[in-house]
Amino acid sequence: MSQRILYISYDGMLEPLGQSQVVAYLEKLAPGRKIHLISFEKREDWNDREQREAVRQRIAGAGISWHPLRYHKRPTAPATAYDIAAGSALAIALALRHRIQIVHVRSYVAGLMGLAAKRASGARLLFDMRGFWADERVDGNLWPPDGLLYRGAKSVERRLLLAADHVVTLTHASAIELGKFPYLEGRMPPVSVIPTCADLDRFRPMADSVSRPFTFGYVGSVGTRYLLEDVLGCYLAIRRLEPDARMVIANRGQHDTIRSAASCLHVEPGALDVVSATRDQMPGIIQGFDAAAALYKPAFSALACAPTKLAEYLGCGVPCLGNAGVGDVEELFEERKVGVAVSGFSDEEMTASARQLIALTREPDIQHRCRTAALELFSLPAGVGAYEGIYREMIEREDRAA
């Protein structure tokens, strides 16, 4: 009999993240399983009929039953509470109707919905916690550290960790930290580390080299945990060493913020390209980088950070600039020699890091080293295989207990 899985994501499948970090996994996990997917879609994404139909066909083509709900944003707390109630009701109904064996939840908000389904149906709960979400909100200056929202989210975290039949986290650093939580002493569920993976059939090195100025790149969001000003500062340090160097930032919807920050730092407008890109365009953009940045605010929550962009950069053969104290980045760069981990952002440290990074890009086997590291650590098949093993173990444990 095929495994019966309910996957719940508070991210939308019409967003690039949902497509790369949920759909890409589930369509490979679908053979031999009956998978139901609950997601929450933003109005502007849902109104793009062409995109919506393309994603619907992709999900249906994999044999996955998709149950999209509308995402509500404001007012924040009541809107999220409404979404949790709607998602919980749907999750319970699906779990009971289809005799779901495993409820696989992505992060905390989805976790509350999954917890309701587990309690109503007796299904096993796989808490794919991704990171320390409550601490991310504080570290990103979105919540006060002693506020009601933070305390409530940490209470949710505790409930989910104690109720989970298996926990997935992104980094070894965060798995070690979980082992220090006092309330998990003697009650620790099985924990697996599955870093953020990428589809390396798509993210691969450029076939032929192209003559161009040194190009420093960045992909993704800015603000909160993302160190945009320091990324731009690193670019300026590179430009002092490589006067013709250019920078390309691929971002969705924050172009004015990026250009404003660049202007404040006196980045020449003609040297910076800020572009939007579809999922299909992203590999080609990264292939045009000589080096790329993945800088995050050093904080407690950063221990659980495994940037998607890092896997995509390395898959394209592009060495990276990261920072110490972020997940397993420093250990990866030191062991594999595929990037530079900065420990500070003074002018002297920026210049030294820029010099190291430029030298790294000129090593003859750097592209091969980056690609090999990506294939061994961040390939989609490796991530899918890890989830398959977890599903199998959870269901076998259920059978033994029956």
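Residues numbered from 1 in each chain as written. Predicted model: local features only at pLDDT ≥ 70, side-chain atom pairs only at ≥ 80, totals over all residues. Heavy atoms only, no water.

**As for the sheet that holds strand β13 (residues 339-342)**
Right, on to step 1. Ordered by their spatial adjacency, six strands build an open sheet running β10-β9-β8-β11-β12-β13, and the pairing between neighbours is parallel. The two strands at the open ends of the sheet, each matched to only one other strand, are β10 (272-275) and β13. Across the sheet, the mean angle separating the axes of adjacent strands is 25 degrees when strand polarity is ignored.
Right, on to step 2. Relative to strand β9 (residues 246-250), strand β8 (residues 215-219) runs parallel, the two being bridged by five bridges. Following the sheet pairing, phenylalanine 216 is matched in β9 by methionine 247.
Right, on to step 3. Against the sheet, helix α10 (residues 255-264) touches β9 and β10, its axis set at about 165 degrees to β10. (Pairing = 2+ DSSP bridges. Helix = DSSP H or I, 4+ residues; strand = E, 2+ residues; numbered from the N terminus. Axes fitted to C-alpha atoms, helices over the stretch in contact; angles between N-to-C directions. Contact = heavy atoms within 4.5 Å.)

**Structural notes on unusual backbone geometry**
Right, on to step 1. Look at the link from arginine 74 to proline 75: it is a cis peptide, with omega at -15 degrees.
Right, on to step 2. Inspection of the secondary structure puts proline 75 in the loop between β3 (65-70) and α4 (76-97).
Right, on to step 3. Phi is positive for arginine 99, close to 50 degrees, though the residue is something other than glycine.
Right, on to step 4. With respect to the helices and strands, the residue arginine 99 is situated in the loop between α4 and β4 (102-106).
Right, on to step 5. The exposure class assigned to arginine 99 is exposed, which follows from its relative accessible area of 54%.
Right, on to step 6. Phi angles above zero are rare outside glycine, and arginine 130 is one such case at about 65 degrees.
Right, on to step 7. The class of arginine 130 is buried, set by a relative accessible area of 14%. (Buried < 20%, exposed > 50% of the residue type's maximum accessible area, 1.4 Å probe, protein only.)

**Overview of the packing of helix α5 (residues 107-121) against helix α7 (residues 148-163)**
Right, on to step 1. One can describe the packing of α5 onto α7 by two numbers: an axis separation of 10 Å at closest approach and a directional angle of 45 degrees. Between α5 and α7, the interaxial angle falls into the category oblique. As for the relative orientation of α5 and α7, their crossing is left-handed in sense. Here Tyr108, Gly111, Leu112, Leu115, Lys118 and Arg119 of α5 lie close against α7, whose contacting residues are Ala153, Val156, Glu157, Arg159, Leu160 and Ala163. (Parallel < 35°, antiparallel > 145°, perpendicular 65-115°, else oblique. Left-handed = near helix turned anticlockwise from the far one by under 90°.)

**A word on the nonpolar core**
Right, on to step 1. Among the nonpolar cores identified, the biggest contains 65 residues, and Phe216, Met247, Ile286, Phe289, Tyr313 and Leu314 are the most heavily contacted of them.
Right, on to step 2. Looking at this core element by element, the count peaks at seven residues for helix α9 (residues 228-241).
Right, on to step 3. If we skip the residues at most four places from it in the chain, phenylalanine 289 touches Arg212, Thr215, Gly217, Tyr218, Val219, Val248, Tyr313 and Val318.
Right, on to step 4. In this structure, Ile8, Leu115, Phe127 and Ala304 belong to the second largest nonpolar core, which totals 35 residues. (Core = buried A, V, L, I, M, F, W, Y, C linked by side-chain atoms within 4.5 Å.)

**Observations regarding empty space enclosed by the protein**
Right, on to step 1. The final tally for this structure, using the stated rule, is one cavity of 30 Å³ or more.
Right, on to step 2. Put simply, the largest cavity is a space of about 70 Å³.
Right, on to step 3. As for the largest cavity, its lining consists of Tyr7, Gln21, Val22, Tyr25, Leu26, Leu29, His104, Arg106, Asp128, Arg130, Tyr387 and Tyr391.
Right, on to step 4. Elements represented by at least two residues in the lining of the largest cavity include exactly α1 (16-29), β4 and α16 (380-401).
Right, on to step 5. Examining the composition of the lining of the largest cavity, we find that five residues originate from one element, α1, more than from any other. (1 Å grid on protein atoms, 1.4 Å probe; cavity = no way out; pocket = protein on both sides within 12 Å on 5 of 7 lines; lining within 4 Å. Points joined across faces, edges and corners; volume = space filled by probe spheres on them.)

**Considerations on the environment of alanine 91**
Right, on to step 1. As for its position among the elements, alanine 91 is in helix α4.
Right, on to step 2. Spatially, the C-alpha atom of alanine 91 lies 6.8 Å from that of glycine 114, the residues being 23 residues apart in sequence.
Right, on to step 3. Apart from residues lying up to four places away in sequence, alanine 91 is in contact with Leu6, Ile8, Ile38, Met113 and Ala117.

**Describing the sheet that holds β3**
Right, on to step 1. One open sheet accounts for seven strands, arranged β3-β2-β1-β4-β5-β6-β7; its pairing is parallel. Among the strands making up the open sheet, the edge pair consists of β3 and β7 (191-193). Between one strand axis and the next, the sheet turns by 20 degrees as a mean value, whatever way the strands run.
Right, on to step 2. Summarising the sheet, strand β2 (residues 33-41) and β3 pair through six bridges and their orientation is parallel. Paired with histidine 36 across the two strands is serine 65, which belongs to β3.

**Some details on the packing of aromatic side chains**
In this description, a pair of aromatic rings is defined by centroid distance and the angle of the planes.
Right, on to step 1. Under the counting rule described, the total for this entry stands at 12 aromatic pairs.
Right, on to step 2. For the pair tyrosine 226 and tyrosine 296, a centre-to-centre distance of 5.2 Å together with 55 degrees between the ring planes defines the contact as tilted. In this pair, tyrosine 226 sits in the loop between β8 and α9 while tyrosine 296 sits in the loop between β11 (291-293) and α12 (308-315), placing the two residues 70 residues apart along the sequence.
Right, on to step 3. The rings of Tyr108, Phe127, Trp133 and Trp143 are connected pair by pair, giving a single aromatic cluster.
Right, on to step 4. For the cation-ring pair, arginine 52 lies above tryptophan 46, with the distance from its terminal atom to the ring centre recorded as 4.7 Å.
Right, on to step 5. Above the face of the tyrosine 226 ring, arginine 225 is positioned so that its terminal group lies 5.6 Å from the ring centre. (Phe/Tyr/Trp six-rings, centres within 6.5 Å; stacked < 30°, edge-to-face > 60°. Lys NZ or Arg CZ within 6 Å of the ring centre and 35° of its normal.)

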